[in-house]
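Here's the letter readout for the chains.
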Amino acid sequence: MEEKVIDETKQGQSLTLEARKGNTRKLFIESYGCQMNFSDSEIVASILANEGFNTTTQLEEADLVLVNTCSIRDKAEQTVRKRLEKYNAVKRINPGMKVGVLGCMAERLKEKFLDEEKIVDMVVGPDAYKDLPNLLKEVDEGRDAVNVILSRDETYGDISPVRLGTNGINALVSITRGCDNMCTFCVVPFTRGRERSRDPLSILNEVADLAKKGFKEVTLLGQNVDSYLWYGGGLKKDFKKASEMEKATATSFSQLLAMVAEAHPKMRIRFSTSNPQDMTEDVLHTMAKYDNICNSIHLPFQSGSTRILKEMNRQHTREEYMQLIDKINEIIPECGLSQDIITGFPTETEEDHQDTLSLMEYVKFNFGFMFKYSERPGTMAARKLEDDIPEEIKKRRLTEIVDAQQRHSAYHTNRSLGKVVEVLIERESKKSNAHWSGRNPQNLVVVFPKEDYKPGDFVMVKVTDCTSATLIGEAIGYSENN
Ligand code: SAH
Ligand code: F3S
């Protein structure tokens, strides 16, 4: 297994939406990185639909090419650079075409893209998408355009995102932007700015609209969803200055989760990402209370060594993480758990690495995203710590971690043999056009023969076989949810 990204199936895919009549210009938009980027691209496409753009999957016919970028690891940036070279090759044949960089790389490299590299016409940071109409005007008039201003209050709450490349079943709904956690390895607080929460009413409206359109599952998105806090706008860090009234009527993540679940009992609700230091017990009780909130938690732990966690500025110890896992298992039996791990963080010893492996053994995650440490310019770790673990050692440790994860994944899929699980059908299986593919509430992929079922159906499936990552079975009927 190689390093993994959040949504492997869509990375870099150009995605389209339904053409709007009367629109004449063509937009080619590609997204890399986290789910938030995919969600943001839907906001961008929505803004540009009002500017006369329909989306296309044909790079060659595009008037405007936008790439929504990721800076989380050096490798992510290299992938985008290769794409920019490709766009420029096409631009030489089609000089009318304009190229814009969006997202974290735009924010990190700013005017550098225009000044030194001359490979783009437009640079737009994650909080500046509403300025796209003005920026486009600049570009149309032959000037370079840049807006990388980070905002204190932009949540795009008033924009109804168009759904790109949708199956009409699962949708992403962002609930917070930015991150205040300042993990020392992480570039996100610099590229996405301070943490803000979105008005719960606009979230509920968006979910209601999705329900009306027939969507069956929403994932509430944020860099750190547990820290969601709405008190009438403003930054999370300014909450102490809020009025008594605002404090008394503030909405927490568990309250938001309950509101969404209660408003749409037929819809599956997921959320990502949780942070061990901010996850509270009331979230677990809310999950236990509502059947439609999927029993699945993505809970990155990064390292099993308390010493390394401290160097990473994670606000939890190994023991606290284990206690949280115990709490989850107690309150939500059979909860699917997944992780993010960074291996080879500066100063990581063999003993620290063993701590990571033993913590994995303790939890036995369903699946995970495992990475070698990649130094990011400007972060605290880059400024204070030397990237001192040799590549060979990082590689070997990553292999050991990935092997352990594969064993644990297989442990879970094997334990499901003979059981009946509820599956929401999402799409045709990639490996067979005679099978559907969907997920159970614990977020395991399940494939089974199509029969007369269709995407969007909730089906009960008896598990008869498995690989380490996938359950294979046969439908035995509709779920009562259907
Ligand atoms: N809270 C976020 C985390 C974003 S980054 C979320 O919503 O998922 C996703 C993962 O990338 C992190 O959990 C971490 O494991 C990994 N990561 C972040 N910075 C990294 C770096 N400099 N090198 C290697 N991996 C990194
Ligand atoms: Fe990054 Fe840590 Fe926030 S990993 S996104 S700074 S929770």
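Everything that follows concerns the structure shown earlier in this document.
Residues numbered from 1 in each chain as written. Chains lettered and ligands numbered in written order. Predicted model: local features only at pLDDT ≥ 70, side-chain atom pairs only at ≥ 80, totals over all residues. Heavy atoms only, no water.

Caption draft 1: Region of the structure containing the site of ligand 2. Taken together, Cys-179, Asn-181, Met-182, Cys-183, Phe-185, Cys-186, Val-188, Pro-189, Gln-223, Asn-275 and Arg-314 make up the full set of residues adjacent to ligand 2. Of the residues that constitute the shell around ligand 2, the class distribution is 7 nonpolar, 3 polar and 1 charged. (Near = heavy atom within 4 Å. Nonpolar A, V, L, I, M, F, W, Y, C, P; charged D, E, K, R; others polar.)

Caption draft 2: Examining the site of ligand 1 more closely. Looking at ligand 1, there are 14 residues lining it, with Gln-223, Thr-273, Gln-302, Asp-340 and Ser-374 nearest. Residue Arg-73 places a side-chain N or O atom 3.2 Å away from an oxygen atom belonging to ligand 1. At 2.8 Å from an oxygen atom of ligand 1 is found a side-chain nitrogen or oxygen belonging to Thr-273. Starting from 540 Å² of accessible surface for ligand 1 in isolation, the protein chains cover 89%. Where the shell around ligand 1 is concerned, the elements lending two or more residues are strand E15 (336-343) and strand E16 (367-372). (Polar contact = N/O pair within 3.5 Å; in protein donor to acceptor, adjacent residues only side chain to side chain. Areas by Shrake-Rupley, 256 points an atom, 1.4 Å probe, with all protein chains shown as cover. Helix = DSSP H or I, 4+ residues; strand = E, 2+ residues; numbered from the N terminus.)

Caption draft 3: Layout of the layout of surface pockets. Put simply, the second largest pocket is a space of about 770 Å³. Looking at the second largest pocket, it is lined by 34 residues, and the ones nearest its centre are Asn-295, Glu-334, Asn-440, Pro-441 and Gln-442. Of all the secondary structure elements, the ones that give two or more residues to the lining of the second largest pocket are helix H12 (318-331), E15, helix H13 (350-363), helix H15 (391-415), strand E17 (420-428) and strand E20 (458-466). Here the residues of the lining of the second largest pocket sort into 14 nonpolar, 10 polar and 10 charged. Residues lining the lining of the second largest pocket come from more than one domain, with at least three contributed by each of domain 2 (170-415) and domain 3 (420-478). (1 Å grid on protein atoms, 1.4 Å probe; cavity = no way out; pocket = protein on both sides within 12 Å on 5 of 7 lines; lining within 4 Å. Points joined across faces, edges and corners; volume = space filled by probe spheres on them. Domains from an automatic or database assignment.)

Caption draft 4: Local environment of unusual backbone geometry. The amide bond that connects Ser-272 to the next residue, Thr-273, takes the cis arrangement and shows omega of 10°. Even without glycine at this site, Lys-110 takes up a positive phi of about 45°. Looking at the element boundaries, Lys-110 is found in the loop between helix H3 (104-109) and helix H4 (112-117). The exposure class assigned to Lys-110 is partly exposed, which follows from its relative accessible area of 32%. (Buried < 20%, exposed > 50% of the residue type's maximum accessible area, 1.4 Å probe, protein only.)

Caption draft 5: Representation of the pattern of salt bridges in the model. Evaluated as defined, the whole model comprises 39 salt bridges. If you follow the salt bridges from partner to partner, you end up with Glu-217, Arg-268, Arg-270, Glu-422, Glu-426, Arg-427 and Arg-439 in one network. (Salt bridge = Lys/Arg side-chain N within 4 Å of Asp/Glu carboxyl O.)

Caption draft 6: Spotlight on helix H5 (residues 132-140). Turning to H5, its buried residues are Leu-132, Pro-133, Leu-135, Leu-136 and Val-139. Buried residues in H5, looked at end-on, bunch into an arc of 160°, giving them a common side. Turning to H5, the residues buried within the fold contact helix H1 (35-49), strand E2 (53-55), strand E3 (64-69), strand E4 (98-103), strand E5 (122-124) and strand E6 (145-147). Note on H5: the residue one or two positions beyond its end, Gly-142, has a positive phi of about 90°. (Arc of directions from axis to C-beta. Contact = heavy atoms within 4.5 Å.)

Caption draft 7: Region of interest: empty space enclosed by the protein. Under the criterion given, the structure shown has 1 cavity of 30 Å³ or more. Computed from the structure, the largest cavity encloses a volume of approximately 60 Å³. Counting residues per element, the ones that place at least two in the lining of the largest cavity are H1 and strand E7 (170-174). When grouped by side-chain class, the residues that make up the lining of the largest cavity number 5 nonpolar, 3 polar and 4 charged. Here the lining of the largest cavity spans two domains, and each of domain 1 (3-147) and domain 2 (170-415) adds at least three residues to it.

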